[in-house]
Amino acid sequence: QLPDFQRGWVWDDHRIQALIVSIMSGYPVGALMFLEYGGDSVRFKYRPFTGSSKDCKPEILVLDGQQRLTSVFTSLFCKEAVPTRDDKGKDIKRFYYLDIKKCLDDNNDDKLDAIISVPEDKMLKSDFGRVIDFDISTREKEYEKLAFPLNLLFDNAGWAAWTRACTELHDNNPEVVSLIMKFQTDVLVSIQNYRVPVITLDKETPKEAVCQVFENVNTGGVSLTVFELVTASFAADDFDLRGDWEGNGKEQKTGRQERMCNASSILSSVSATDFLTALTLLSRYNEWIGGGRAVSCKKRDVLSLQLYDYTKYADQLEQGFISAGNFLKEQRIFTSRDLPYSTQLIPLSVFFAILDKRAQDSPVRAKISQWYWCGVFGEMYGGANETRYANDVTGMHKWLEDAEHVPETIARAYFQPTRLISLQSRQSAAYKGVMALILKHGACDFISGVPMDFTNFIDDAVDIHHIFPRDYCEKQGYPKRKWNSVINKTPLSASTNRIIGGSAPSAYMKKIEQDDHVTESDLDKFIATHAVRPDLMRADNFDDYFVDRAKSLVGMISAAMGKPISNLSGEDVVEAFGAPLG
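Residues numbered from 1 in each chain as written. Predicted model: local features only at pLDDT ≥ 70, side-chain atom pairs only at ≥ 80, totals over all residues. Heavy atoms only, no water.

Caption draft 1: Representation of the overall build of the protein within the structure. Helix and strand content of the protein: 28 helices and 15 strands. Its C-alpha radius of gyration of 34 Å places the protein more than 25% over the 25 Å reference for a compact globule of 582 residues. Taken along its principal axes, the extent of the C-alpha atoms in the protein is 110 × 65 × 50 Å. Looking at the protein as a whole, 50% of its 582 residues qualify as buried. Within the protein, residue pairs in contact and separated by at least 24 positions form 70% of the contacts whose partners lie at least 6 positions apart. Just so you have it, the protein exposes about 27,000 Å², and 48% of that area is on carbon and sulfur atoms. Where the 68 positive side-chain charges of the protein centre and where its 81 negative ones centre are 2 Å apart. (Helix = DSSP H or I, 4+ residues; strand = E, 2+ residues; numbered from the N terminus. Rg over C-alpha atoms; globule rule 2.2 N^0.38 Å. Buried < 20%, exposed > 50% of the residue type's maximum accessible area, 1.4 Å probe, protein only. Contact = heavy atoms within 4.5 Å. Areas by Shrake-Rupley, 256 points an atom, 1.4 Å probe, with all protein chains shown as cover. Lys, Arg positive; Asp, Glu negative; His and termini not counted. Charge placed at Lys NZ, Arg CZ, Asp CG, Glu CD.)

Written as structure tokens, this is what we have:
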């Protein structure tokens, strides 16, 4: 049978025919991979192959070979029409036959035309179904056309009855008798004797090995996720993990995923595997607090997660994610698109799950904030993070108990000032972090003066735009690495950006004052909320503006990280900015 994490059978009609040809020709079709069922490690929900109604405990699960084995089983054994698809992806049903004469034609190198694929009524038609081109809808017509039904191949009694009736229909014509006998020995018997190599994993194979092996052998398909493997494991205890996460349509039950997204759109980036990883982290933390195993959430730990732990901590963690989403709004990160690291949500949610109401205390929240921004600007969460998750969760616990025990992410975080120039697009976590800090600084719309909170951010289609416009900078010959860096960008509403256009700052500031009736002092005040000196903009002084804004951004980053930024007057800084930033 199949482990429940296997996808459904999807092979189309042409691939089934090609497989039959390979088997008939004795060509290799690749090894199969089996898994012994019944050990302590291998305990998954299972299901039968398409076409089978068997309902029993299996001895073997098929890890690799579902498509090939199902194609063989349904076309060469099952008596019902094979459910498959045409070359356009439309669902169809087919019976498969062998053209006896073409199978034995020595001049026919391409055996594919010896395979006859017919619909359920066993008639091939043209002219939109008005003309019947080929009809084997009765046994007599099969005998007449010498078309052998492949689903009799492993039915010895049915096979014998078919060949006997066929020869009788042809009045025992010696030529036909000889043809059928040769077909039996050269084609049918060779298909029956066809063998494929099989690799069998024993029942004590650990789950992480099953997961890795499955991903290795299924390179052409969608890889097996940890979530699917744990889902199959929990299903053995009659728990629907997928329904718990995605919701149960039959019972109209909302899943955790939807509840989290409804609470905060930022959480749309949280995958099912992220949730399981965070839950493993939370579970192991509680073991560690009680004197048990070390905190860990690597793949093998997630795959070892017990249903008891899931049901015990899932609600607590769900609320932890929701609290993390609210925290990120406070940091002026409003959408998943603007989230620096989705991976950082995993330990962040665990912090809030563990701390619960304590996370509302100002000193505790300040420490969480410092840890978060050190992770962003230290660019610490861009690679394999399982070890960092564990270190930060235990580190945060120790830090809250003793101020001397600073988490590793804070201790190791470092921001190089020249990094500001290399932040050219929102693909970078630090780039997104800078934009959030500008919003947190109190950035207001240039025209309305309204602060860009969550509602305005969404309603006014706020996005990141150049302060000294691109067209203007290109005409002035300013280097792109400067004018296109994060230093020359800020969040602006779509309507404000249209007014700015490609004009010099002094020109578009006058336009805003004249057309939108904004006073000079108010406009200066609004622009200053973006950490920009308006007098330098009015003078179109790009060089001084660039250095001054860089200083302001460095100050914001330093304050967010809770640690000084060094090398502000180093040679590389002076060379990059044209002046020291200290």
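Caption draft 2: Region of the structure containing the side chain of Lys 111. The residue Lys 111 is located in the loop between helix 3 (100–103) and strand 7 (115–118) in this model. Buried within the structure, Lys 111 lacks any salt-bridge partner; Asp 106 is the closest side chain of opposite charge, at an N-O distance of 5.9 Å. Apart from the residues lying within four places of it in its own chain, the contact partners of Lys 111 are Val 21, Met 24, Ser 25, Lys 102, Cys 103 and Asp 105. (Salt bridge = Lys/Arg side-chain N within 4 Å of Asp/Glu carboxyl O.)

Caption draft 3: Broad picture of the layout of surface pockets. By volume, the second largest pocket is sized at about 350 Å³. What lines the second largest pocket is a set of 14 residues, among which Gln 1, Phe 49, Ser 52, Val 62 and Phe 73 lie closest to the centre. Of the residues that constitute the lining of the second largest pocket, the class distribution is nine nonpolar, two polar and three charged. (1 Å grid on protein atoms, 1.4 Å probe; cavity = no way out; pocket = protein on both sides within 12 Å on 5 of 7 lines; lining within 4 Å. Points joined across faces, edges and corners; volume = space filled by probe spheres on them. Nonpolar A, V, L, I, M, F, W, Y, C, P; charged D, E, K, R; others polar.)

Caption draft 4: Inspection of a negative patch on the surface at higher detail. Among the surface-exposed residues, Asp 105, Asp 106, Asp 110 and Asp 113 lie close enough to one another that they form a single negatively charged patch. Along the polypeptide, Asp 113 turns up in the loop between helix 3 and strand 7. (Patch = residues over 30% accessible without salt bridge, like charges linked within 9 Å, V, L, I, M, F, W, Y side chains within 5 Å.)

Caption draft 5: Representation of the nonpolar core. One finds Leu 348, Ile 368, Tyr 372, Phe 377, Leu 420, Val 434 and Phe 577 to be the most contacted residues of the largest nonpolar core, which totals 133 residues. Here the element with the most residues in this core is helix 27 (residues 542–561); it accounts for 11 residues. Within the second largest apolar cluster, 32 residues are counted, among which are Leu 19, Leu 150, Ile 180 and Ile 191. (Core = buried A, V, L, I, M, F, W, Y, C linked by side-chain atoms within 4.5 Å.)

Caption draft 6: Quick peek at empty space enclosed by the protein. The tally for this structure, following the rule as stated, stands at four cavities of 30 Å³ or more. For the second largest cavity, the calculated volume is near 60 Å³. Around the second largest cavity sit 13 residues that line it, and Ser 75, Cys 78, Phe 95, Tyr 96 and Asn 151 are the ones nearest its centre. Ranked by residue count, the leading element in the lining of the second largest cavity is strand 6 (residues 91–99), at four residues.

Caption draft 7: Examining the packing of helix 15 (residues 362–377) against helix 16 (residues 386–401) more closely. Direction vectors running N to C along helix 15 and helix 16 enclose 145°, while the axes themselves pass 11 Å from each other. Every pair of crossing elements has a handedness; the one defined by helix 15 and helix 16 is right-handed. Residue-level inspection shows Val 364, Lys 367, Ile 368, Gln 370 and Trp 371 of helix 15 in contact with helix 16, the latter providing Asp 392, Met 396, Trp 399 and Leu 400. A class-by-class count of the residues in the contact of helix 15 with helix 16 yields six nonpolar, one polar and two charged. (Axes fitted to C-alpha atoms, helices over the stretch in contact; angles between N-to-C directions. Left-handed = near helix turned anticlockwise from the far one by under 90°.)

Caption draft 8: Just the pattern of salt bridges, in detail. Counted under the stated rule, the structure contains 29 salt bridges. Within this structure, Asp 244, Arg 256, Arg 259, Asp 315 and Glu 318 form a network of salt bridges that share partners.

Caption draft 9: Examining the pairing of strand 4 (residues 60–64) more closely. Among the five residues in strand 4, four count as buried, and that is most of the element. In this structure, strand 2 (residues 32–36) lies alongside strand 4, joined through four bridges in antiparallel fashion. Among the inter-strand pairings, Phe 34 is bridged to a residue of strand 4, identified as Val 62. (Pairing = 2+ DSSP bridges.)

Caption draft 10: View of unusual backbone geometry. Even without being a glycine, Arg 332 presents a positive backbone phi close to 70°. With respect to the secondary-structure elements, Arg 332 resides in the loop between helix 13 (307–330) and helix 14 (345–355). The partly exposed category is assigned to Arg 332, whose relative accessible area is 30%. The phi dihedral of Asp 356 falls on the positive side, at around 55°, and the residue is not glycine. With respect to the helices, strands and loops of the structure, Asp 356 is situated in the loop between helix 14 and helix 15.

Caption draft 11: Quick look at the sheet that holds strand 2. Across the sheet, three strands lie side by side as 4-2-11; this open sheet has mixed pairing. The strands lining the two open edges of the sheet, one partner per strand, are strand 4 and strand 11 (198–201). Strand-to-strand twist of the sheet, defined as the mean angle between neighbouring strand axes without regard to direction, takes the value 30°. In this fold helix 2 (residues 66–76) packs onto strand 2 and strand 4, with an angle of close to 115° to the strand it touches most, strand 4.

Caption draft 12: Geometry of the environment of Phe 148. Residue position: Phe 148 is located in strand 10 (residues 147–149). Residue Phe 148 is classed as buried on the basis of its relative accessible area, which comes to 0%. Separated by 333 residues in sequence, Phe 148 and Arg 481 place their C-alpha atoms 72 Å apart. For Phe 148, the residues in contact, after removing those within four places along its chain, are Tyr 96, Tyr 97, Leu 98, Ile 100, Leu 153, Trp 159, Trp 162, Phe 183 and Leu 188.

Caption draft 13: Looking closely at helix 11 (residues 272–289). For helix 11, with 18 residues, the first-to-last C-alpha span of 26 Å sits near the 26 Å given by 1.5 Å per residue. In the stretch just after helix 11, Gly 291 is the one whose phi turns positive, near 90°. (Expected span 1.5 Å × (residues − 1).)

Caption draft 14: Examining the pairing of strand 9 (residues 131–135) more closely. As judged from the four bridges shared by strand 8 (residues 123–126) and strand 9, these two strands associate in the antiparallel manner. The residue bridging Lys 125 from the neighbouring strand is Ile 132, located in strand 9.

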